[in-house]
Amino acid sequence: MRGQFTGWPEQAMDVLWQLQGEPTHATRERYRADRERLVRQPMIALLNEVADTDPRYEDFSVWHYRTDSWWWQHQGAVIRLGRKIEISLRFDLDGLRIQGAWWYPDPGQVDMFRTAVASEGSGRELSAIVEDVRKKGYDISGDVMKRPPRGYPTDHSRTNLLRHRSLIAARSLGCEEWLHTPEAVDRVLSAAADLDALLMWLVRHIKRAA
């Protein structure tokens, strides 16, 4: 049901500004309640609306602050779509950032990925998907080997993908006025649609290791 997310209040930026650098324990405690109300709770409301729109996005978590100051300065959240396959969001002074990722793989998942990349049908499909995502402004990265993996020809047409041990597509959504309005929900859903083909390919081809 739409309406629970109204945007991050402009005061959220003021709170994050106060937490820059290496804030003392006293500073963190002074801003804890404001940070929860103005920064973390809006992220929860946003993801509830995203999940209401598409039930595939129901399995999400919104991180607490932990002890490291970085976690106080950046509000993170993840939507889990498969084993080690997720959408991540980060809200901070730079605005809102999204990424779709398969990372920190279970044993056996890298082999599954390489098998699918080497196969003509699924491999060509992934190559086209990655190029399309790149054209939409996403940076493609991951844990990438310097050399092709053993067992695959060095001149394989998809050797760049075969060298990946994780695959991440990320971009900034910006820091404009829409962050403080319900429009942020639509911005996130639009970006999730950009990433959908990539993430669903990964869900289909990289299963939980046996």
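Residues numbered from 1 in each chain as written. Predicted model: local features only at pLDDT ≥ 70, side-chain atom pairs only at ≥ 80, totals over all residues. Heavy atoms only, no water.

Undergrad: Sorry if this is basic, but what is going on with the packing of aromatic side chains here?
TA: Both the distance between ring centres and the angle between the ring planes are used here to describe each pair of aromatic rings. In this structure the tally under the stated criterion is seven aromatic pairs. Ring geometry for Y65 and W72: centres 4.8 Å apart, planes at 45°, overall tilted. Judged by its relative accessible area of 4%, Y65 is buried. Assessed through its relative accessible area of 2%, W72 is described here as buried. Through successive ring pairs, a cluster of aromatic residues spans F5, W8 and F91. (Phe/Tyr/Trp six-rings, centres within 6.5 Å; stacked < 30°, edge-to-face > 60°. Buried < 20%, exposed > 50% of the residue type's maximum accessible area, 1.4 Å probe, protein only.)

Undergrad: Looking at this model, I keep getting lost on the sheet that holds strand β6 (residues 167-174). Mind explaining?
TA: The pairing of strands in a sheet comes from backbone hydrogen bonds and takes either a parallel or an antiparallel form. On the basis of which strands lie adjacent, the open sheet formed by six strands has the order β1-β2-β3-β4-β6-β5 and antiparallel pairing. The open sheet has two edge strands with one neighbour each: β1 (60-62) and β5 (139-141). Sheet twist, expressed as the average angle between the axes of neighbouring strands with direction ignored, equals 15°. Note: β1 against strand β2 (residues 75-82), three bridges, orientation antiparallel. For V62, the partnering residue across the bridge sits in β2 and is A77. (Pairing = 2+ DSSP bridges. Helix = DSSP H or I, 4+ residues; strand = E, 2+ residues; numbered from the N terminus. Axes fitted to C-alpha atoms, helices over the stretch in contact; angles between N-to-C directions.)

Undergrad: Honestly, the packing of helix α4 (residues 109-118) against helix α5 (residues 120-135) in this entry has me stumped. Any pointers?
TA: How two helices sit against one another is set out by the angle between their axes and by the gap between those axes. Contact geometry for α4 and α5: axes closest at 5 Å, N-to-C directions at 95°. Regarding the angle of α4 to α5, the classification is roughly perpendicular. On α5, the residues that touch F113, A116, V117 and A118 of α4 are E120, S122, G123 and L126. Grouping the amino acids of the contact of α4 with α5 by side-chain chemistry returns five nonpolar, two polar and one charged. (Parallel < 35°, antiparallel > 145°, perpendicular 65-115°, else oblique. Contact = heavy atoms within 4.5 Å. Nonpolar A, V, L, I, M, F, W, Y, C, P; charged D, E, K, R; others polar.)

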